[in-house]
Amino acid sequence: MRYHKRVAGFFVENFGCRATQADGAALERQFEERGFERVSTAAQASVVVLNTCTVTAGADQDARAAIRRVQRQNPEAQIVVTGCYAQRAPEEIAALPGVSLVVGNSHKHELAEIALSNPVISFPGTFVSLDALTASGQRPLLACPERSEGTDDQRRFFGDRRPIFVSDIFAHTELLAAPVFDAANERTRPNLKVQDGCDNRCSFCVIPFVRGQSRSLEMDRIVREVNTLVEAGYREVVISGINLGRWGRDLDGSQPSVVGRRRARGVAEDRRPRASDQQLPSLIRAIVSETALEKLRISSVEPMDWSAELIALMASSPRIAKHAHVPMQSGSDAVLRRMHRKYRPWHYREKIDKIRAAMPDAAIGADVMVGFPGETEAEFEATRQMIEDLPFTYLHVFTYSPRPGTPAAKMQSQVPVHVARERNRILRELAAKKKLAFMRGFVGKSVDAITLNVTGSDSEGEFTEALTDNYLKLRLRGHHQANQWQSVAVQDAVSGSLVGSLRTGQ
């Protein structure tokens, strides 16, 4: 087998959700701030960081396959495994061949320091004493067996098994934050994570136990990050979180800049903090009023957090993308209760109806789970019928996967895999029909779309991929510079994408 020549660099590979992608960007920043080079592939790297997901069994399998792939392609690489899977099952990962280091989410904020301090991992000329890491009491909950040789510090962390740095995630308040850029569209639409963790306890979900309690990035820092992105030329920014709708609830409501700005404008101000000052609508207003960002896109928000204030704010501002993602999971009241979800089907219907009434052309999407333990044909039909009735424009359909340690994994009447897969197929086909009908409604009209860093060609010639304000893919005829908002005349809807040209006069 032919191997690529390695350089003294690092490579971070991310798996899973936007929050994980954002964590990966922060990890890259950690290494770069220490003067190390980011290389373009795992095959070139001295250290490969695998930033894992664990939301399904398939996600765990993907991580294990990646470990095998990296070891095969680059057998000299030191493999560091971090993320949600590392937090949930560190010993399982540490036992895998090729793994040099396991760092859970609890220690991800100091991953580069840990990696560079690890005698197993060698960047030429680099070794940082572990004294600095242990002085603050940041010791791993899961330590390796001692061995007779080595210093006291090394015995504390390094033994015959791989070193593991994992501790109680609920004891940590750190929040990694760095803009993340999709590899294919690195010049457009950065994603900024502003919230992490979750205080909900859905019976199927392991995420609170691997990401910890809900915690928020301070408003001032978010505004600074957005302004930095605007100054760098970005015209759309996506804000995201594990439970974005809970942003600010953990903050004290008395950030000096927020209060100070109001006083500076001559607004009479009660010095006592108000709860509404630290909720998602206040953050959105701050971004709109204190930055020159052309378009703000809001990622997934739970149904109970789609307040009348949030809906009205989104509907009233042309600078906020008309795009609402509202996790649904099930249309059956009984299933939602078994899931420990905090809303009922009629609550959900009411929220979607209000969003559609306020924004007739908005994208409305949802996460839906099939095959939850005990899901009967009647309960599945309730979900299918609710999707049929509601004005969804797209769905993310998932098949239930039992996660160790969750209440749902112990429930009786697990749905057979073939039944769950068939239900998944039914909902995906229904979602595709609804999306196509929504797209066809824009043929002959004009839409605003931001050009992406992707071009292609078809039977009609060259096109540039773009994304509309309301989250529809669009093939814009011709070659166009990325990261430009354009007004497009829509001519057709084919292959899951609108097709159009610049409006006359542009």
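All figures in this text were calculated on a predicted structure; none of them were measured in a lab.

Scoring rules and cut-offs
- Residues numbered from 1 in each chain as written.
- Predicted model: local features only at pLDDT ≥ 70, side-chain atom pairs only at ≥ 80, totals over all residues.
- Heavy atoms only, no water.
- Phe/Tyr/Trp six-rings, centres within 6.5 Å; stacked < 30°, edge-to-face > 60°.
- Helix = DSSP H or I, 4+ residues; strand = E, 2+ residues; numbered from the N terminus.
- Buried < 20%, exposed > 50% of the residue type's maximum accessible area, 1.4 Å probe, protein only.
- 1 Å grid on protein atoms, 1.4 Å probe; cavity = no way out; pocket = protein on both sides within 12 Å on 5 of 7 lines; lining within 4 Å.
- Points joined across faces, edges and corners; volume = space filled by probe spheres on them.
- Nonpolar A, V, L, I, M, F, W, Y, C, P; charged D, E, K, R; others polar.

## Side note on the packing of aromatic side chains
Step number 1: Throughout the structure, instances matching the rule amount to eight aromatic pairs.
Step number 2: Ring geometry for Phe 170 and Phe 209: centres 6.3 Å apart, planes at 80°, overall edge-to-face. Here Phe 170 is found in the loop between strand E6 (164–165) and strand E7 (191–196), whereas its partner Phe 209 is found in helix H8 (residues 207–211), with 39 residues between them in sequence.
Step number 3: Assessed through its relative accessible area of 31%, Phe 170 is described here as partly exposed.
Step number 4: The class for Phe 209 is partly exposed, based on a relative accessible area of 41%.
Step number 5: With 5.6 Å between their ring centres and 70° between their planes, Phe 372 and Tyr 400 make a pair best called edge-to-face. In this pair, Phe 372 sits in the loop between strand E12 (363–370) and helix H15 (377–389) while Tyr 400 sits in the loop between strand E13 (394–399) and helix H16 (417–440), placing the two residues 28 residues apart along the sequence.

## Description of the environment of His 347
Step number 1: Positionally, His 347 belongs in helix H14 (residues 345–358).
Step number 2: For the pair His 347 and Met 304, spaced 43 residues apart in sequence, the C-alpha to C-alpha distance is 8.3 Å.

## Let's talk about empty space enclosed by the protein
Step number 1: Scanning all chains against the criterion turns up two cavities of 30 Å³ or more.
Step number 2: Here the largest cavity defines a volume of roughly 110 Å³.
Step number 3: Residue assignment for the lining of the largest cavity shows that the elements contributing at least two residues are E7 and H8.
Step number 4: For the lining of the largest cavity, the residue count by class is four nonpolar, four polar and seven charged.
Step number 5: Within this model, the second largest cavity holds a volume of roughly 40 Å³.
Step number 6: In this structure, the second largest cavity is lined by Asn 200, Arg 201, Cys 202, Glu 302, Met 304, His 340, Arg 341, Lys 342 and Tyr 343.

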